[in-house]
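So the chains spell out like this:
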Amino acid sequence: MSDTGKGIKIGVLVSGGGTNLQAIIDSCESGYIPGRVVVVISNRKDAYALERAKKHNIPALFINPKDYKNLDEYSEKISEELIKKEVDLVCLAGFLLKLSPEFVRKFKNRIMNIHPALLPSFGGPGMYGHHVHEAVIKSGVKITGCTVHFVDEEYDHGPIILQKAVEVKDDDTPEKLAERVLKEEHKIYPEAIKLFAEKKLEIIDGKVVKKTGRT
Ligand code: GRF
């Protein structure tokens, strides 16, 4: 772990547009999160998230999964890059690949993910992007939302840190719903990272407990 005197060092893994990455960068720059993003890694060359990182002078790496034998070796390469940068916290922000169990063990309780639904509902393999919001609307639930959780070896699983509810309206489309959920994602992801950076999160019996008093 790095010297956290200047705040924590954050590594962000992305596959797409990177609006959550942007929210994290902005929250670091404004001082809301005591920390900074030290590296952004994408599995896709054309991910706009890489451009966002470059605009803030953050090292932005495209690591091509095709250059590795399997996801274990790919995860190993990513972990090497994160360790090189002495990352304290790994944030998955729209990262679509599943990392190896070894990777999860190495960064135990130091990997977060954001999911655009209220887990444990509407999560798991295949539940990403518009698929989530389509499934939500099809099911007829009246409330959805977003979840920030620590990552364990299962897909969209692990101790939940924060959730925010969003109403599903009768005339919602997956696009309209996604937009309202995303707005909340941009608030709770930085909030969860801030809590982590301030050492206010504790995992007890597989559940996240927020520390309130002084220690
Ligand atoms: C978000 O909806 C996030 O919850 C999910 O992927 C999407 C990424 O969006 N994991 P962006 O790339 O941060 O804009």
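Note that the structure is a prediction, hence the values are computed from the model and not measured.

Colleague: Could you clarify how one ought to interpret the packing of helix H5 (residues 130-139) against helix H6 (residues 174-197) in this entry?
Modeller: Packed helix pairs are characterised by how far apart their axes lie and by the angle those axes make with each other. Two elements in contact, H5 and H6, have axes separated by 9 Å at closest approach and are oriented at 110°. Here H5 is positioned roughly perpendicular relative to H6, judged by the angle of their axes. Taken as a pair, H5 and H6 cross one another with a handedness that is right-handed. Along its contact with H5, which presents His133, Glu134, Val136 and Ile137, the element H6 presents Pro174, Leu177, Ala178 and Val181. Here the residues of the contact of H5 with H6 are counted per class, giving six nonpolar, one polar and one charged.

Colleague: It is not clear to me how the site of the ligand should be interpreted in this structure. Could you clarify?
Modeller: Lining the immediate environment of the ligand, one finds Gly17, Gly18, Thr19, Asn20, Gly94, Ile114, His115, Pro116, Leu182 and Glu185. Between glycine 18 and the ligand, the recorded distance is 2.8 Å, taken from a backbone N or O atom to an oxygen atom. For the ligand, a nitrogen atom lies 2.9 Å from a polar atom in the backbone of isoleucine 114. Within the complex, 81% of the 370 Å² of free accessible area of the ligand lies under protein. Every element with two or more residues in the shell around the ligand is listed here: helix H1 (19-29), strand E5 (111-115) and H6. For the shell around the ligand, the class distribution of residues is three nonpolar, six polar and one charged.

Colleague: Teacher, can you tell me more about the pattern of salt bridges here?
Modeller: It is possible for side chains bearing opposite charge to pair when their charged atoms get close. Within this structure, the stated rule accounts for 14 salt bridges. Between glutamate 73 and lysine 69 there is a salt bridge, with the nearest N and O atoms lying 3.5 Å from each other. With relative accessibility at 35%, the residue glutamate 73 sits in the partly exposed group. Between glutamate 102 and arginine 105 there is a salt bridge, with its nearest N and O atoms 3.3 Å apart. Taken together, the residues glutamate 102 and arginine 105, both in helix H4 (residues 101-106) and three residues apart, mark about one turn of the helix. On the basis of relative accessible area, glutamate 102 is assigned to the partly exposed category, the value being 39%. Members of the salt-bridge network, linked through shared partners, are Lys77, Glu81 and Lys84.

Colleague: Looking at this model, I keep getting lost on H6. Mind explaining?
Modeller: Note that an α-helix has 3.6 residues per turn; residues three or four places apart therefore point the same way. If you check H6, its first and last C-alpha atoms are 33 Å apart, about what 24 residues at 1.5 Å a residue would give, namely 34 Å. Immediately downstream of H6, the backbone of lysine 199 shows phi near 55°, a positive value.

Colleague: Sorry if this is basic, but what is going on with the nonpolar core here?
Modeller: Side chains that are nonpolar tend, in soluble globular proteins, to be buried together. Core analysis: the largest hydrophobic core is formed by 41 residues, its most contacted members being Met112 and Ile193. Examining the composition of this core, we find that nine residues originate from one element, H6, more than from any other. Listed in part, the 18 residues of the second largest apolar core include Ile41, Ile78, Val104 and Val151.

Colleague: So what exactly am I meant to see when it comes to the environment of glutamate 29 here?
Modeller: Along the chain, the position of glutamate 29 falls in helix H1. Along the backbone, glutamate 29 and histidine 56 are 27 residues apart, and their C-alpha atoms lie at a distance of 9.6 Å. Within polar-contact distance, the side chain of glutamate 29 engages the side chain of histidine 56 at 2.8 Å.

Colleague: How do you make sense of unusual backbone geometry when you look at a structure like this?
Modeller: A negative phi angle is the norm for most residues apart from glycine, just as the trans form is the norm for most peptide bonds. Residues leucine 119 and proline 120 are joined by a peptide bond in cis, for which omega reads 10°. With respect to the element layout, proline 120 can be found in the loop between E5 and H5. Of note in the backbone geometry, aspartate 205 takes a positive phi value of approximately 50° without being a glycine. Topologically, aspartate 205 is positioned in the loop between strand E8 (201-204) and strand E9 (207-210).

How each quantity is defined
- Residues numbered from 1 in each chain as written.
- Predicted model: local features only at pLDDT ≥ 70, side-chain atom pairs only at ≥ 80, totals over all residues.
- Heavy atoms only, no water.
- Axes fitted to C-alpha atoms, helices over the stretch in contact; angles between N-to-C directions.
- Helix = DSSP H or I, 4+ residues; strand = E, 2+ residues; numbered from the N terminus.
- Parallel < 35°, antiparallel > 145°, perpendicular 65-115°, else oblique.
- Left-handed = near helix turned anticlockwise from the far one by under 90°.
- Contact = heavy atoms within 4.5 Å.
- Nonpolar A, V, L, I, M, F, W, Y, C, P; charged D, E, K, R; others polar.
- Near = heavy atom within 4 Å.
- Polar contact = N/O pair within 3.5 Å; in protein donor to acceptor, adjacent residues only side chain to side chain.
- Areas by Shrake-Rupley, 256 points an atom, 1.4 Å probe, with all protein chains shown as cover.
- Salt bridge = Lys/Arg side-chain N within 4 Å of Asp/Glu carboxyl O.
- Buried < 20%, exposed > 50% of the residue type's maximum accessible area, 1.4 Å probe, protein only.
- Expected span 1.5 Å × (residues − 1).
- Core = buried A, V, L, I, M, F, W, Y, C linked by side-chain atoms within 4.5 Å.

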